[in-house]
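# A structural walkthrough
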Amino acid sequence: MLTSLKTAYTDTRAADLAWALAREPLPALAVLDLELDGAKLQLRLLGASHQVLLEEDRGTCSETVACMPGSSTPLPLGVSKRVGDWEYEFAARVETLSSGSFAGRAQELLALVSDHPHGLAGTFPGSPHAFTAMLAQSVDGQVRWRTWHAYPQEGQLVVTRTRVGVRMPATL
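## What about the packing of aromatic side chains?
In the structure shown here, the tally under the stated rule is two aromatic pairs. Seen in terms of ring centroids, Trp 19 and Tyr 88 are 6.3 Å apart; in terms of plane orientation they differ by 35°. Their pairing is tilted. Within this pair, whereas Trp 19 is found in strand β2 (residues 18-21), its partner Tyr 88 is found in strand β8 (residues 86-96), the two being separated by 69 residues in sequence. Assigned by exposure class, Trp 19 and Tyr 88 land together as buried.

In structure tokens form, the structure reads like this:
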């Protein structure tokens, strides 16, 4: 699903993004509710990037990647931790592209996500290449999502991937 977001483009630098787990739901500009193998997943586009809410019998998980005033947790390259009965893994990278490459990559990603039944993308006013996009899937009992945050004025694309799966008991 592709939507035009009716808000100012608030997070204007990739370096301003922060990461947080277990935040309460923030006001969303667009939402996609999904059910993947019994897990309820809500993809949320914010005025300042994204939030994913996961709910299952074993508990809940909330991931937020956004410009969060007062946040002391910058966007990490990687995180692996236990969240209740789950193993949570997060990774992020920043791609710096030339203006021509950036425009092509933006069009490719928006086409991929907007046509996917588990995809949500929103473009911001002012530039057709200013967007946040999210894509979710379930693979082998794990819920996974990828996100893309585009900063055309910097030629930067922030790419994240997350995997949440059941913690396996230790074996001897």
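Additional details are given in the paragraphs that follow.
## Regarding the side chain of Gln 51
With respect to the helices and strands, Gln 51 occurs in strand β5 (residues 49-56). Within the local environment of Gln 51, its side chain forms a polar contact with the backbone nitrogen of Leu 26, the two atoms lying 2.9 Å apart. With sequence-adjacent residues up to four places away left out, Gln 51 is seen in contact with Arg 23, Glu 24, Pro 25, Leu 26, Gln 42, Leu 43, Arg 44, Leu 46, Ser 62, Glu 63, Thr 64 and Met 134.

## Some thoughts on the sheet that holds β5
Each strand in a sheet pairs with another by means of backbone hydrogen bonds, the pair being arranged parallel or else antiparallel. Here five strands make up an open sheet; going across it, the order is β2-β6-β5-β4-β3 and the pairing antiparallel. The open sheet terminates on both sides in strands that have one partner only, identified here as β2 and β3 (30-36). Each strand of the sheet is rotated relative to its neighbour by a mean of 10°, with strand direction disregarded. Direction of pairing for β3 relative to strand β4 (residues 39-46): antiparallel, over a ladder of seven bridges.

## Describing the environment of Leu 17
For Leu 17, the location among the structural elements is in the loop between β1 (2-4) and β2. On the accessibility criterion, Leu 17 (2% relative accessible area) is buried. In the structure, Leu 17 is positioned 89 residues away from Ala 106 in sequence and 19 Å away in space, judged by C-alpha atoms.

## What to know about the nonpolar core
Membership of the largest hydrophobic core comes to 32 residues, with the highest contact counts inside it found for Leu 41, Leu 43, Leu 54 and Tyr 88. With residues near it in sequence (within four places) discarded, Tyr 88 still touches Trp 19, Leu 21, Cys 61, Glu 63, Val 79, Ser 80, Lys 81, Val 83, Thr 162, Arg 163 and Val 164. Counting 13 residues, the second largest nonpolar core, distinct from the first, contains Val 113, Phe 131, Ala 133 and Ala 150.

## With respect to the confidence of the model for the protein
Summary statistics for the protein give a mean pLDDT of 88 and a share of 92% for residues scoring 70 or more. Confidence, expressed as mean pLDDT per element, reaches its minimum in the protein at β1 with 81 and its maximum at β3 with 96.

## A few points about the pattern of salt bridges
If you walk through the whole model with that rule in mind, you get six salt bridges. The shortest N-O distance in the salt bridge between Arg 82 and Glu 87 comes to 3.3 Å. Given the relative accessible area of 56%, Arg 82 is considered exposed. A salt bridge links Glu 89 to Arg 163, with the shortest nitrogen-to-oxygen separation between them at 2.7 Å. Here Arg 163 lies in strand β12 (residues 156-166) and Glu 89 lies in strand β8, a separation of 74 residues in the sequence. Relative accessible area serves as the criterion here: at 32%, Glu 89 is assigned to the partly exposed category. Here Arg 163 falls in the buried class, since its relative accessible area comes to 18%.

## Some words on the pairing of β4
The side chains of a regular strand alternate, first on one face of the sheet and then on the other. In terms of burial, β4 is largely enclosed, as seven of its eight residues are buried. Between the antiparallel neighbours β3 and β4 lie two residues, among them Asp 37 with a positive phi of about 50°. Bridge analysis of β4 against β5 gives seven bridges, and the strand direction is antiparallel. Each bridged residue has a counterpart across the sheet, and for Arg 44 the counterpart in β5 is Gln 51.

## Some thoughts on the sheet that holds strand β10 (residues 131-139)
Reading across the sheet, the seven strands line up as β1-β9-β10-β11-β12-β8-β7 and stay open at both edges, with mixed pairing between neighbours. Bordering the open sheet on either side are β1 and β7 (78-83), each of which pairs with just one other strand. Each adjacent strand pair in this sheet contributes to an overall mean axis angle of 15°, direction not counted. For β1 and strand β9 (residues 119-123), the ladder comprises three bridges, and the chain directions are parallel. Note on β9: the bridge partner recorded for Ser 4 is Thr 123. Sheet strands in contact with helix α1 (residues 99-114) are β1, β8, β9, β10, β11 (142-151) and β12, and its direction is about 45° off that of β10.

Cut-offs and rules
Residues numbered from 1 in each chain as written. Predicted model: local features only at pLDDT ≥ 70, side-chain atom pairs only at ≥ 80, totals over all residues. Heavy atoms only, no water. Phe/Tyr/Trp six-rings, centres within 6.5 Å; stacked < 30°, edge-to-face > 60°. Helix = DSSP H or I, 4+ residues; strand = E, 2+ residues; numbered from the N terminus. Buried < 20%, exposed > 50% of the residue type's maximum accessible area, 1.4 Å probe, protein only. Polar contact = N/O pair within 3.5 Å; in protein donor to acceptor, adjacent residues only side chain to side chain. Contact = heavy atoms within 4.5 Å. Pairing = 2+ DSSP bridges. Axes fitted to C-alpha atoms, helices over the stretch in contact; angles between N-to-C directions. Core = buried A, V, L, I, M, F, W, Y, C linked by side-chain atoms within 4.5 Å. pLDDT = per-residue confidence, 0-100. Salt bridge = Lys/Arg side-chain N within 4 Å of Asp/Glu carboxyl O.

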